[in-house]
Amino acid sequence: MWAVRRASTQFRNQGLASRVSRICCGKTEVARCCSVPCNAEIIGTQEKVFDGMLCCTRSYSSSSIFLKSHGEVCFFSSQADTKTNGEDDDDLEDGFSDLETPQDTVPGDGDDLSSASEGEGSVDTAVGEKKSPLSRTSEITKAILNAPALPVSKVLDKWVEEGNEVTRTEVSLAMLNLRRRRLFVKALQLSEWVEAKKHFEFDDKNYASRLDLIAKVKGLYSAENYIKQIPESFRNEKVYRTLLANCVSTTNVKKGEQLFNKMKDLGFPITCFACNQLLLLYKRTDKKKIADVLLLMEKENIKPTIFTYQILIDVKGQANDITGMEQIVETMKDEGLEPSTEIQTLMARYYAASGEKDKAEAVLKEIEGDDIKKNRWVSRMLIPIYASLGRGDEVDRIWNVCEHNPRLEECLAVIEAWGQLNQVEKAEEAFEKMLKKLKKPSSKHYTALLKVYANHKMLSKGKDLVRRMGESGCLLGPLTWDAIVKLYVSAGEVEKADSILGKAIKQKRGKPLFSTYMAIMDKYAAKGDVHNAEKMFQMMRQGGYTSRLRQFQALILAYVNSKTPAYGFSDRLKADNVFPNKSLAALMGQADPFKKTALSELLESCSPHWI
């Protein structure tokens, strides 16, 4: 832990010195070294702007946790993601990666996209392979999916009348199935129907599951109100930490900090789960505060989990601090923890991004093991990284193992990889192979190839693919909108992209991704179109995205490029508790209406008879 704490001073130094609400720790030697005040809670916001800088994605990933208890299961909680691809947090809402899973849980696949977004495909297991019991589709799910236009209550009333039995295990499996398809509205209706019909008594996991679904479908405010309806005996730490995870998932710093303090005031123990949630939150918004969370964990004698180390490694990688990343890995090993496949994948990606090709390939070989056929499940992780290294031969080698009977995730990975390697025809071949595999492809599968066309500015082919999607009956959701918008943006048709985004918002089939808005806003900023950049800024607010450093950077760039003074920009930052980093401060200086030039200083210093 000492090495992690030493690293914490580096986290603090990655941002500017001024900041507001922070987690604090008692004055141990480490605390004195880091100059942190003491009281182990979150201090209220001061009258200063702070560093809201983002670094890292999905895709804000969120994930759910599938608990096992007394032989039964319950899918209950959502966690915010840790992005693993080295991209900026601009894409956090885009898609999501691996989340912490306690030892007694089995990972699920949730998300904080709105429930009306596109569902997943039906196949992710190769033909002939045995499926886990948790991967089967429950009879309840089948009944719901077979009648998509009907309310869940009507579907299940009829299902019960036909003589079917509703059990806790079957309902839990149905909840898992629906969440994996991102059908959160249906999952919420199922939860409400089960409680109304009293098929079994709710426990804390069921209430936490309901809370999580309400937060996803109706928002944090409704979820907070729902807590008051939960019987006091079940209003425990599990329920509150589920709400905390959703605060993190939506990057709501103020609400997350308030809830963390409330959990402490209620007497709940400070757990590593809660601390990890704060680490995730500050990874996105204010990396200086990461040091404070680590000091709090020291004071409360909370031992870091492997997920804690994964977050810290991710942060170091984002900052291109490869030495620091390696130090944290060594510290983890000293604590008796071996790097997980997810951590190894992170390291390989950051090695590749920093030009450490040999180190990246060494880690990839370690992930692969002696036999790729036996360890085939890692193929989807290896393929994109080899593509980023320009190793088309390695992509081809691994794909040859999978190609005869490909899994869904392998197909998606190789489509992206061939696109990155500028081999669009091979990407198209993999796409067609995937379509033959699927009984009913969803927009998710079409989106993979659509992104390739967008990245290569192939507008005509992209339009044809969108028509093909429409003919197949696919419902478009946030991921598809993102690809379509970027397709038009890459072709230089930003106004058309703006129009498509507006139509998507009106359809109310999910919340457009953060990166979707930013793709358009960045283009307006580059053109110096202040009016439309401001419009996009406000649209993001209305869409539920709190202001971040990233939006303000794009906005001020629009003013700079249009040579228009940005009056009151500092006040806008203060109002949103965003502290400028060096690059933003430099841009603000260029757009400052009161900045002094050499000529203005000369005129000010001149005596009246000179003028």
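Up top is the structure these notes are about.
Structure report, in brief. The shown structure was predicted, so the numbers you read here are calculated from the model rather than taken from an experiment.

Topic: the nonpolar core
Next up, step 1: Grouped together as the largest cluster of nonpolar side chains are 160 residues, with contacts concentrated most on Leu156, Leu190, Val395, Ile415, Ile520 and Ile556.
Next up, step 2: When residues no more than four places from it in sequence are discounted, the contact partners of isoleucine 415 are Ala427, Ala430, Phe431, Met434, Ala448, Leu449 and Val452.

Section: the packing of helix H21 (residues 443–455) against helix H23 (residues 478–490)
Next up, step 1: Contact geometry of H21 with H23 gives a least axis separation of 9 Å together with a crossing angle of 15 degrees. Comparing their axes, H23 and H21 come out roughly parallel. Both H21 and H23 take part in a crossing whose hand is left-handed. Counting all contacts with H21, which are made through Ser443, Thr447, Leu450, Lys451, Tyr453 and Ala454, the residues of H23 involved are Leu479, Thr480, Ala483, Ile484, Lys486, Leu487 and Ser490.

With respect to the pattern of salt bridges
Next up, step 1: In total, this model carries 33 salt bridges according to the counting rule given.
Next up, step 2: For the salt bridge of aspartate 393 with arginine 391, the shortest nitrogen-to-oxygen distance reads 2.8 Å.
Next up, step 3: Accessibility expressed as a relative area gives 45% for aspartate 393, which makes it partly exposed.
Next up, step 4: Arginine 407 is the salt-bridge partner of glutamate 410, the closest N and O atoms lying 3.9 Å from each other.
Next up, step 5: Classification of arginine 407 as buried rests on a relative accessible area of 15%.
Next up, step 6: Shared partners join several salt bridges into a network, and the residues in it are Glu361, Lys365, Glu368, Arg391, Asp393, Glu394 and Arg397.

Remarks on helix H29 (residues 582–590)
Next up, step 1: Along H29, the residues that are buried comprise Leu584, Leu587 and Met588. The buried residues of H29 all sit within an arc of 100 degrees when viewed along its axis, so they share a single face.
Next up, step 2: Summarising the contacts, the buried residues of H29 are in contact with helix H27 (549–561) and helix H28 (569–575).

Structural notes on helix H25 (residues 514–527)
Next up, step 1: Compared with an ideal rise of 1.5 Å per residue, which puts 14 residues at 20 Å, H25 spans 20 Å between its outermost C-alpha atoms and is within 8% of the ideal.
Next up, step 2: Where H25 is concerned, the buried positions are Phe514, Ser515, Thr516, Tyr517, Met518, Ala519, Ile520, Met521, Tyr524 and Ala525.
Next up, step 3: Residues of H25 that are buried in the fold lie against H23, helix H24 (494–507), helix H26 (530–542) and H27.
Next up, step 4: One or two steps after H25, the chain reaches glycine 528, where phi turns positive at roughly 75 degrees.

Scoring rules and cut-offs
- Residues numbered from 1 in each chain as written.
- Predicted model: local features only at pLDDT ≥ 70, side-chain atom pairs only at ≥ 80, totals over all residues.
- Heavy atoms only, no water.
- Core = buried A, V, L, I, M, F, W, Y, C linked by side-chain atoms within 4.5 Å.
- Buried < 20%, exposed > 50% of the residue type's maximum accessible area, 1.4 Å probe, protein only.
- Contact = heavy atoms within 4.5 Å.
- Axes fitted to C-alpha atoms, helices over the stretch in contact; angles between N-to-C directions.
- Helix = DSSP H or I, 4+ residues; strand = E, 2+ residues; numbered from the N terminus.
- Parallel < 35°, antiparallel > 145°, perpendicular 65-115°, else oblique.
- Left-handed = near helix turned anticlockwise from the far one by under 90°.
- Salt bridge = Lys/Arg side-chain N within 4 Å of Asp/Glu carboxyl O.
- Arc of directions from axis to C-beta.
- Expected span 1.5 Å × (residues − 1).

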